[in-house]
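So the chains spell out like this:
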Amino acid sequence: MINIYMTTDRGPINGQYTGGGYLDISFGNKWNPLESVNVYDRAGEFEVVERNPMLIVRAMLEWLGEKKGNWVIRNIYVTNTFTL
């Protein structure tokens, strides 16, 4: 699972990717996903999505720029947990 925590000028944004095609996004401090981003649509032709935190972060940043306009991102924290 890949978790992304962003602090912005408009409050926190959290993303959670558990595999498959979608990244769930929640606004605020409480986990309540309101948006989903298709990460496969944002990956390059030869990029492997699973286990690639930078690709997931890039998809979230692209989505944020397209859908929400100009937010100031202060910090980005990424955690990556593997299930064996």
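For the structure, see preceding data.
If you're wondering where the values come from, they're calculated on a predicted model, not measured in any experiment.

Side note on the overall build of the protein chain
Here is step 1 of the chain: Broken down by element type, the protein chain carries two helices and five strands.
Here is step 2 of the chain: When the helices and strands of the protein chain are listed from N to C terminus, the series reads β-β-β-β-α-α-β.
Here is step 3 of the chain: In terms of C-alpha radius of gyration, the protein chain reaches 12 Å, essentially the compact-globule figure of 12 Å for 84 residues.
Here is step 4 of the chain: For the protein chain, the spread of C-alpha atoms along the three principal axes comes to 35 × 25 × 20 Å.

Brief notes about the sheet that holds strand S5 (residues 73–80)
Here is step 1 of the chain: Judged by pairing direction, the sheet is antiparallel, and its five strands sit side by side in the order S4-S3-S2-S1-S5 without closing on themselves. Each edge of the sheet is formed by a strand with only one pairing partner; in this case those strands are strand S4 (35–38) and S5. Neighbour to neighbour, the strand axes of the sheet diverge by 20° on average, direction disregarded.
Here is step 2 of the chain: Pairing of strand S2 (residues 11–17) with strand S3 (residues 22–27), which is carried by four bridges, proceeds in the antiparallel orientation.

Side note on helix H2 (residues 53–68)
Here is step 1 of the chain: Across its 16 residues, H2 extends 22 Å between first and last C-alpha, which sits within 8% of the 22 Å expected from 1.5 Å per residue.
Here is step 2 of the chain: Within the sequence span of H2, burial applies to Pro 53, Leu 55, Ile 56, Val 57, Ala 59, Met 60, Trp 63 and Leu 64.

Analysis parameters
Residues numbered from 1 in each chain as written. Predicted model: local features only at pLDDT ≥ 70, side-chain atom pairs only at ≥ 80, totals over all residues. Heavy atoms only, no water. Helix = DSSP H or I, 4+ residues; strand = E, 2+ residues; numbered from the N terminus. Rg over C-alpha atoms; globule rule 2.2 N^0.38 Å. Pairing = 2+ DSSP bridges. Axes fitted to C-alpha atoms, helices over the stretch in contact; angles between N-to-C directions. Expected span 1.5 Å × (residues − 1). Buried < 20%, exposed > 50% of the residue type's maximum accessible area, 1.4 Å probe, protein only.

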